[in-house]
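In case you want the letters, here they are:
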Amino acid sequence: MRTSQPQTIYLKDYKVPAFVVDHVDLRFELFEDGARVHSLLSVRRNPDSDGAEADLELDGDSLKLESIQLDGKTLADGDYDNRGEKLVVPAVPDQFELAVVTWLEPQNNTRLEGLYKSSGMFCTQCEAQGFRCITYFPDRPDVMARFRTRVEADKSAYPVLLSNGNDVEKGDLENGRHFVTWEDPFPKPSYLFALVAGDLVEKRDSFRTMSGRDIDLRMYIEPRNAEKCDHAIDSLKRAMRWDEEVYGREYDLDIFMIVAVDDFNMGAMENKGLNIFNSSCVLASQETATDVAFQRIESIVAHEYFHNWSGNRVTCRDWFQLSLKEGFTVFRDSQFSSDMGSPTVKRIEDASMLRTAQFAEDAGPMAHPVRPESYMEITNFYTLTIYEKGCEVVGMIRTLLGEELFRKGSDLYFERHDGQAVTTDDFVRAMEDASGRDLSQFRLWYEQAGTPELTIKDEFDQGSGVYRLSIEQTIPDTPGQTHKKPQHIPFALGLI
Ligand code: SER
Ligand code: ZN
């Protein structure tokens, strides 16, 4: 149970992490009455941090600590402090290995954060801060590590054992158990970690990338859903091709997996190489789903796939930057949907959703900027403002730059920041650098909440032939923000 009071976290207090983790070696022993997690972290002090003497502080939530070793030496009770939601180890060397064993009860995890059970299968949800419910870790997106994960479970109850990356080893163990080891060559933040274990049906397909690599596509579902996968797999292949053609983005691992689970907090999750979906967002058959449901699945499958670049290869420095990956990825999935269907219909749908739901959020007590200044509970910030207004802000950059310069900007962004955890400001800077445009005033879209209101007056003087258009902009006050500055808005008009 969480015991501490929620605290307000401020963007202005951001500090680079005191320690970096180069490698994470995990071993999960899954049982009916719980799970034991063995974690081995290769840690070193961050040369970019000024905390040369800092204690090691790892996040942990609802964990039962079984043992802890530093460079192979077991630590006694007095050598560390794990009261509260941190594991603090003072006086650590500049570089070391930390081995921690924790015990969890996934079968009793009803928060659906971290490792839990749903319809007899184990699965995870780590965004935003669920990894700390699995083991002690610097659970923040700017700590990016390479993961190797070994999953062990009863072979007949859990024949399928999955994690991120490529499967590198498998075998049988005593007592009817077996294991599979997964290795993810791409450094990633802990929120993209995933594990699935269950008795699942596998559907296979493949995709040849633009450079000629063959990717194994695998979808895992409960046997009763075996006939409801085709649309998701077809959508995935269309999304993979589209991202190559429109953004020049190729898939990077050898395997791409989709899993459908019934109990899931979000619609879906873009874990590296192992996307997990709420069944309702991925399974469909002609007999039971409408056209709208088919379109929705296509766009969610594409959204999660697109995150592989906009979110995973280039990720967020901190959770204030959530719209960096979400706004941009919603923009990408809406471009994809309009290319797959009718651009006009898609634009009308998006605009009316924005006007009804996001404008209401922006006018109410929850109004917040696309890049918030503070939060108490990050899970409350998966909002229409972060996703949909964030998408519109990217769309305005695209309008201001035009298609060609926008593509130059996104190429520069992906190339410059590949493997990094960055900010919305870095995104805008890449767009500026690639285009030579000045977006300094435009940045207010990220900082100010509220929907700008325009008052437009026009007059035409027959005699002189002069047409005069005057536009006045006001932005209403929102909680904590008054006297706002005018925002840069692209404005199109035609004279007939
Ligand atoms: N990151 C997830 C998504 O955008 C959570 O909603 O799909
Ligand atoms: Zn997303």
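Residues numbered from 1 in each chain as written. Chains lettered and ligands numbered in written order. Predicted model: local features only at pLDDT ≥ 70, side-chain atom pairs only at ≥ 80, totals over all residues. Heavy atoms only, no water.

1. Quick notes on the layout of surface pockets
Next, step 1: Quantified by volume, the second largest pocket comes out at close to 1,200 Å³.
Next, step 2: If you trace the second largest pocket, you find 37 residues lining it, with Arg347, Glu392, Gly395, Met396 and Thr399 closest to the centre.
Next, step 3: Elements supplying a minimum of two residues to the lining of the second largest pocket: helix 1 (230-247), helix 3 (322-340), helix 4 (343-363) and helix 5 (384-417).
Next, step 4: Across the lining of the second largest pocket, the residue classes break down as 18 nonpolar, eight polar and eleven charged. (1 Å grid on protein atoms, 1.4 Å probe; cavity = no way out; pocket = protein on both sides within 12 Å on 5 of 7 lines; lining within 4 Å. Points joined across faces, edges and corners; volume = space filled by probe spheres on them. Helix = DSSP H or I, 4+ residues; strand = E, 2+ residues; numbered from the N terminus. Nonpolar A, V, L, I, M, F, W, Y, C, P; charged D, E, K, R; others polar.)

2. Brief notes about the site of ligand 1
Next, step 1: By nearness alone, every residue bordering ligand 1 is listed as Glu127, Met266, Ala268, Met269, Glu270, His303, Glu304, His307, Lys325, Glu326 and Tyr387.
Next, step 2: At a separation of 3.2 Å, an oxygen atom of ligand 1 approaches a polar side-chain atom of histidine 303.
Next, step 3: Within the side chain of glutamate 304, a nitrogen or oxygen atom sits 2.6 Å from an oxygen atom of ligand 1.
Next, step 4: Burial of ligand 1 by the protein amounts to 90% of the accessible area it has alone, namely 230 Å².
Next, step 5: Contributing elements (two or more residues each) for the shell around ligand 1: strand 19 (268-269), helix 2 (291-306) and helix 3.
Next, step 6: Counted by class, the shell around ligand 1 contains four nonpolar, two polar and five charged residues. (Near = heavy atom within 4 Å. Polar contact = N/O pair within 3.5 Å; in protein donor to acceptor, adjacent residues only side chain to side chain. Areas by Shrake-Rupley, 256 points an atom, 1.4 Å probe, with all protein chains shown as cover.)

3. Description of the coordination of the zinc ion (ligand 2)
Next, step 1: Bound to the zinc ion (ligand 2) on the protein side are His303 (NE2), His307 (NE2) and Glu326 (OE), at distances that span 1.9 to 2.1 Å.
Next, step 2: Geometry at the zinc ion (ligand 2) is tetrahedral, judged from its four donor atoms and the angles of 98 to 126° they form at the metal.
Next, step 3: Coordination of the zinc ion (ligand 2) draws on donor residues from a single chain, spaced H-x3-H-x18-E in sequence.
Next, step 4: Residue class for histidine 303 comes out buried when judged on its relative accessible area of 8%. (Donors = N, O, S within 2.8 Å, 3.2 Å for Na, K, Ca; no water. Tetrahedral: all angles 85-135°; square planar, octahedral: opposite > 155°, others 65-115°. Buried < 20%, exposed > 50% of the residue type's maximum accessible area, 1.4 Å probe, protein only.)

4. With respect to the packing of aromatic side chains
Next, step 1: For the structure shown, the criterion picks out 28 aromatic pairs.
Next, step 2: Three or more aromatic residues link up through ring pairs in this structure, and these residues are Trp242, Tyr247, Tyr251, Phe256, Tyr305, Phe306, Trp309, Phe328, Phe336, Tyr413, Phe414 and Phe427.
Next, step 3: The ring of tyrosine 10 carries lysine 12 above its face, with NZ or CZ at 4.4 Å from the centroid.
Next, step 4: One cation-aromatic arrangement involves arginine 150 over phenylalanine 179; the distance from NZ or CZ to the ring centre is 3.9 Å. (Phe/Tyr/Trp six-rings, centres within 6.5 Å; stacked < 30°, edge-to-face > 60°. Lys NZ or Arg CZ within 6 Å of the ring centre and 35° of its normal.)

5. Regarding the sheet that holds strand 11 (residues 145-154)
Next, step 1: Here we have eight strands laid out as an open sheet, ordered 6-5-8-3-2-11-14-13, and mixed in their pairing. Every interior strand has two partners, whereas the edge strands, strand 6 (73-74) and strand 13 (166-172), have only one. (Pairing = 2+ DSSP bridges.)

6. Side note on the side chain of glutamate 361
Next, step 1: Among the secondary structure elements, glutamate 361 is positioned in helix 4.
Next, step 2: The buried charged residue glutamate 361 lacks any salt bridge partner; its closest oppositely charged side chain belongs to lysine 389, at an N-O distance of 8.7 Å.
Next, step 3: If near-sequence neighbours (up to four positions away) are discounted, glutamate 361 is found in contact with Met366, Ala367, His368, Thr383, Leu384 and Thr385. (Lys, Arg positive; Asp, Glu negative; His and termini not counted. Salt bridge = Lys/Arg side-chain N within 4 Å of Asp/Glu carboxyl O. Contact = heavy atoms within 4.5 Å.)

7. Things to note about the nonpolar core
Next, step 1: Within the largest apolar cluster, 133 residues are counted, with the highest numbers of intra-cluster contacts made by Leu30 and Ile397.
Next, step 2: It is helix 5 that provides the largest number of residues to this core, a total of eleven residues.
Next, step 3: Ignoring sequence-local partners within four residues, the contact set of leucine 30 consists of Ala35, Leu115, Phe122, Val151, Glu152, Ala153, Arg177, Leu195 and Ala197. (Core = buried A, V, L, I, M, F, W, Y, C linked by side-chain atoms within 4.5 Å.)

8. A closer look at the sheet that holds strand 10 (residues 121-125)
Next, step 1: Pairing in this open sheet of four strands is antiparallel, and the strands run 9-10-15-12 from one edge to the other. Across the chains shown, the open sheet's two edge strands, defined by having one partner strand only, are strand 9 (114-118) and strand 12 (160-163). Neighbour-to-neighbour, the strand axes of this sheet turn through a mean angle of 20°, independent of strand direction.
Next, step 2: Pairing analysis gives four bridges linking strand 12 to strand 15 (residues 195-198), with the strands arranged antiparallel. Residue pairing in the sheet places leucine 161 in a bridge with alanine 197 of strand 15. (Axes fitted to C-alpha atoms, helices over the stretch in contact; angles between N-to-C directions.)

9. Considerations on the state of the cysteines
Next, step 1: All told, the structure shown has zero disulfides when counted by the stated rule.
Next, step 2: Left unpaired, cysteine 126 is separated from the closest cysteine sulfur, that of cysteine 133, by 8.1 Å.
Next, step 3: The exposure class assigned to cysteine 126 is buried, which follows from its relative accessible area of 0%.
Next, step 4: Cysteine cysteine 316 shares no disulfide, and the gap to the nearest cysteine sulfur, in cysteine 126, comes to 16 Å. (Disulfide = S-S within 2.5 Å.)

10. A short note on empty space enclosed by the protein
Next, step 1: Enumeration over the complete set of coordinates arrives at three cavities of 30 Å³ or more.
Next, step 2: When its volume is computed, the largest cavity comes out at roughly 60 Å³.
Next, step 3: If you trace the largest cavity, you find it lined by Ser323, Leu324, Gly327, Phe328, Gly390, Val394, Thr424, Phe427 and Tyr446.
Next, step 4: Looking at the lining of the largest cavity, the elements with two or more residues in it are helix 3, helix 5 and helix 6 (424-435).
Next, step 5: Here the residues of the lining of the largest cavity sort into five nonpolar, four polar and no charged.

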